[in-house]
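Here's the letter readout for the chains.
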Amino acid sequence: MSASTSATLRHDWSLAEVKALFVQPFNDLLFQAQTVHRAHFNANRVQVSTLLSIKTGACPEDCKYCPQSGHYNTGLEKEKLMEVQKVLEEAARAKAIGSTRFCMGAAWKHPSAKDMPYVLKMVEGVKAMGLETCMTLGRLDQEQTEALAKAGLDYYNHNLDTSPEFYGSIITTRTYSERLQTLAYVRESGMKICSGGILGMGESLDDRANLLIQLANLPEHPESVPINMLVKVAGTPLENAEDIDPFDFIRMLAVARILMPQSHVRLSAGREAMNEQMQALAFFAGANSIFYGDKLLTTANPQADKDMQLFARLGIQPEAREEHADEVHQAAIEQALVEQKSSEQFYNAAV
């Protein structure tokens, strides 16, 4: 299969085809992924998002990877829904360090009627700052989805996590069909979809392939596809899971890029455990989105200065919002990079 052929948008991938991509020689796979990537994106631009937990802990779901589940004792301090003003202050900080999308996550099975008005105010406030908005709140009904869309929510994150076949081994408190129904509501409302999965939970190659097939064979590809590496948290059932091979993780990114050529593939949770060389390889494999800041919901993430150092060494710049990709906005981002580079915390990699 040639790279040019795979750049065509398809929604009919078979397991045999996808497994054939996974098992081809590593250099061939990366060459194909990079060729597809360059056909649709600037290879030296990466979309930058910031993620904030707006409600932490005591989630009724039993996801075996999650420290926020109320089923496990992980020592996580439980918090109520954040005040709207505090969320907006965090969004302003995110914008100041160069993020173009602000993602808000709540540890819920689904949002309650009493919390929805506050959630909608958060969306409206962040949107008014000129940031893209994203939320992950659990399962949505059609009325809630339409309300979020009306408030100005750009993206809704609802990960499938793994394949339909392996899903029951990781989560028993919700079904795969419920996940897909929420994604359908989101798409019908006109919002964009952010949906991906997690590697390192004991899944097989078939499970990884079938996860990507579920996403790629949706009527429309998700605009954002986060690929997470399991962050093992003490107290969760997966705290002693076997480490994933770094090359297998890179293969997952590359295959996601080939299957969904126009989607942003996000290098998501687990970056704290990746060295700079692995992250650089991830960008070469077609990842072109990251979470930016000190923390992802409840787990550590490379600090903003560290990310900017790596971007500078690789010649990568943050991607501007499509709606605001004018010269003034882009100049502001590039000026922020210059200021980061000249700060005392920034070192010259050439020295």
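Criteria and cut-off values
- Residues numbered from 1 in each chain as written.
- Predicted model: local features only at pLDDT ≥ 70, side-chain atom pairs only at ≥ 80, totals over all residues.
- Heavy atoms only, no water.
- UniProt positions renumbered as here; feature names shortened; annotations may be inferred.
- Core = buried A, V, L, I, M, F, W, Y, C linked by side-chain atoms within 4.5 Å.
- Buried < 20%, exposed > 50% of the residue type's maximum accessible area, 1.4 Å probe, protein only.
- Helix = DSSP H or I, 4+ residues; strand = E, 2+ residues; numbered from the N terminus.
- Contact = heavy atoms within 4.5 Å.
- Axes fitted to C-alpha atoms, helices over the stretch in contact; angles between N-to-C directions.
- Parallel < 35°, antiparallel > 145°, perpendicular 65-115°, else oblique.
- Left-handed = near helix turned anticlockwise from the far one by under 90°.
- Nonpolar A, V, L, I, M, F, W, Y, C, P; charged D, E, K, R; others polar.
- Expected span 1.5 Å × (residues − 1).
- Arc of directions from axis to C-beta.

- The name recorded for the protein in an unreviewed UniProt entry is Biotin synthase, from Pseudomonas jessenii.
- In its Catalytic activity (unreviewed entry) section, the UniProt record describing the protein reads: "(4R,5S)-dethiobiotin + (sulfur carrier)-SH + 2 reduced [2Fe-2S]-[ferredoxin] + 2 S-adenosyl-L-methionine = (sulfur carrier)-H + biotin + 2 5'-deoxyadenosine + 2 L-methionine + 2 oxidized [2Fe-2S]-[ferredoxin]".
- Per UniProt, the protein has the following entry under Subunit (unreviewed entry): "Homodimer."

### Considerations on the nonpolar core
Now for step 1: Core analysis: the biggest nonpolar cluster contains 91 residues, and Y65, M135, L148, F249, L253 and L259 have the highest contact counts within it.
Now for step 2: In terms of residue count, the dominant contributor to this core is helix 10 (residues 246–259) (9 residues).
Now for step 3: Residue contacts for L148: discarding those within four places in its chain leaves M116, V119, L120, V123, M135, L137, L140, L153, Y156 and M191.
Now for step 4: In this structure, L51, C103, Y155 and F291 belong to the second largest nonpolar core, which totals 6 residues.

### Quick look at the packing of helix 6 (residues 142–151) against helix 8 (residues 176–189)
Now for step 1: Two numbers describe how helix 6 lies on helix 8: the axes approach to 9 Å, and their chain directions differ by 40°. By the angle between their axes, helix 6 is oblique relative to helix 8. The crossing of helix 6 and helix 8 is right-handed. Along its contact with helix 6, which presents Q142, T145 and A149, the element helix 8 presents Y185, V186, E188 and S189.
Now for step 2: Its residues assigned to classes, the contact of helix 6 with helix 8 comprises 3 nonpolar, 3 polar and 1 charged.

### With respect to helix 4 (residues 84–96)
Now for step 1: For helix 4, which comprises 13 residues, the first-to-last C-alpha distance of 19 Å matches the rise-based estimate of 18 Å (1.5 Å per residue) to within 8%.
Now for step 2: Burial in helix 4 covers these residues: V84, V87, L88, A91 and A94. Down the axis of helix 4, the buried side of the element spans an arc of 115°, and every buried residue falls inside it.
Now for step 3: Contact partners of the buried residues in helix 4: strand 1 (45–55), strand 2 (101–106) and helix 5 (116–128).
Now for step 4: Phi for G98, located one or two positions after helix 4, is positive at around 110°.

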